[in-house]
Amino acid sequence: MQRLPYCYRIVVLGICMVLIIGALPATAQTVQPFSTLPPPEVTTRPVMPVPTAQRSLVIGDSGNDVYWLKVRMQELGYFNADATLSSNVSKLTLERLNKLLAHIDMAPVEVITPEIQDIILTRDDLYIVPTPDPTPTPLPLVMPQGVPELPPLDAEGFLAEAGGEYIYSNEQDGLWYYISDSLFVNVRRYENISQGNIWCEAEVRTRGDEQLLSFYTPKQKQTKTPVAIARENQAVLAFTDDFFTMRRYGVAIRDGEVYRDYIRTSSTNYPRADTLAVFEDGSMLASEFTDYRADDFLAMGAVHVLSFGPWLVSGGEINPRLLTGDYMHYHEPRMALGMIAPGHYLIIAVDGRYDGARGVYLDWMARRMHEAGVMEANNLDGGGTTALVFMGKQISRVAAAKPDGRSTRQVMSLLGFGVSNAVPE
């Protein structure tokens, strides 16, 4: 049989597809993507705009332009590849820069002029060795590969069946779902082998009366593992909060009740107590710890105010303090909450303190939130307190933490979304 020309075959195929799609039930056409967030980019270092050289630099100067000049010098081989760079011009900085200038037959300097900075930032013939070793190709990002068959969803991506629940858990693949007619939770685990980074991202969408919740231990000042608190409260998704019950400064509000309203201005030690206000309509606002007091937040209609920080993203912009490369610049397990839009949230829980998971810098958290489209985000308590619990099982890990909550630091409270009788006791 003679085959139809290619163009005709495409037309026929298109007609068949239209007929098939038209024959499908309406619910099958409204199934939402498995994740609406873009996957992380695999990079070996922060990708930020390099400042244009606009001033001369001397020992003692600091700023983003200094940091990115040193990042470039590190790429060229004049700083150790594993060195943590600051945003200050030090005596060592000038020594390494003059070594670079000597390599291209330029005289040593005491002042790093904009012209010298432009040479370093733009020329590709400045490597310590004539032919530098090629940058290693990053290993592929490990992410969930499974594609579960979701139940019928409505046009907004929630369960079409009123009062029903869909629960999916695949620990090996790193993929979890909870869907009801008012709550959508999709948790995905990622591993960047090149960076030694393992983390979970929980995308949450809510509607109606569904909102961010606080979960507590039964007795005041009592501490329990995050798993125990999550199970006692039947929490669908629970995660580390701002540790507000144990600190004496910052603004802390839960369910409209002011727990603390004290601004510490004499010290900038960690945590800064930057805030994330949560409003009744599901919107959020991240701000500096000195911007508002408790009465201001209540007048604005805040239901909760989380106090930890630093804030990561506000108004869709990354906190410039985190771009200097020297603010709290060390790897740690971390936890953060962000808002993409009212009723649409992202929680990031980063593993750490075990082989293959060294944690991340704060700027990584901010950049990933920004990359995912988050408009407001705050860093929450991390380190040994970091915990993400799904349906009564801990799915994040710090050091020797177990899924049942053993070896995880005990706390008094958590944040979370959803309550379900399906959570085991």
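What this report covers is the structure whose coordinates are included nearby. (Residues numbered from 1 in each chain as written. Predicted model: local features only at pLDDT ≥ 70, side-chain atom pairs only at ≥ 80, totals over all residues. Heavy atoms only, no water.)

### Notes on the pairing of strand β10 (residues 284–287)
Summarising the sheet, strand β9 (residues 274–279) and β10 pair through four bridges and their orientation is antiparallel. The partner of Val278 across the bridge, within β10, is Met284. Counting the residues between successive antiparallel strands, the hairpin from β9 to β10 contains four residues, one of them, Gly282, with a positive phi of roughly 90°. (Pairing = 2+ DSSP bridges. Helix = DSSP H or I, 4+ residues; strand = E, 2+ residues; numbered from the N terminus.)

### Digging into the sheet that holds strand β13 (residues 317–318)
Strand order in the open sheet formed by nine strands is β1-β2-β3-β4-β15-β14-β16-β12-β13, with antiparallel pairing between adjacent strands. Unpaired on one side and paired on the other, β1 (166–170) and β13 mark the two borders of the sheet. One ladder, built from five bridges, connects strand β14 (residues 334–341) with strand β16 (residues 376–380); its direction is antiparallel. In the sheet register, Met339 faces β16, and the bridge partner there is Glu376.

### Some points on the sheet that holds strand β18 (residues 393–394)
Sheet architecture is open: five strands sit in the order β5-β19-β6-β17-β18, paired in antiparallel fashion. Each edge of the open sheet is held by one strand with a lone partner, namely β5 (213–216) and β18. Sheet analysis places strand β6 (residues 235–240) next to strand β17 (residues 388–390), joined by three bridges and oriented antiparallel. Residue pairing across strands places Phe239 opposite Leu388, the latter belonging to β17.

### Description of helix α4 (residues 91–103)
In this model, α4 (13 residues) spans 19 Å end to end at C-alpha, consistent with the 18 Å of a helix rising 1.5 Å per residue. Those residues of α4 lying buried are Thr93, Leu94, Leu97, Asn98, Leu100 and Leu101. Taken down its axis, α4 places every buried residue within 155° of arc, on the same side. In the core, the buried residues of α4 are packed alongside α3 (64–75) and α5 (114–122). One or two positions beyond α4, positive phi appears at Asp105, with a value near 60°. (Expected span 1.5 Å × (residues − 1). Buried < 20%, exposed > 50% of the residue type's maximum accessible area, 1.4 Å probe, protein only. Arc of directions from axis to C-beta. Contact = heavy atoms within 4.5 Å.)

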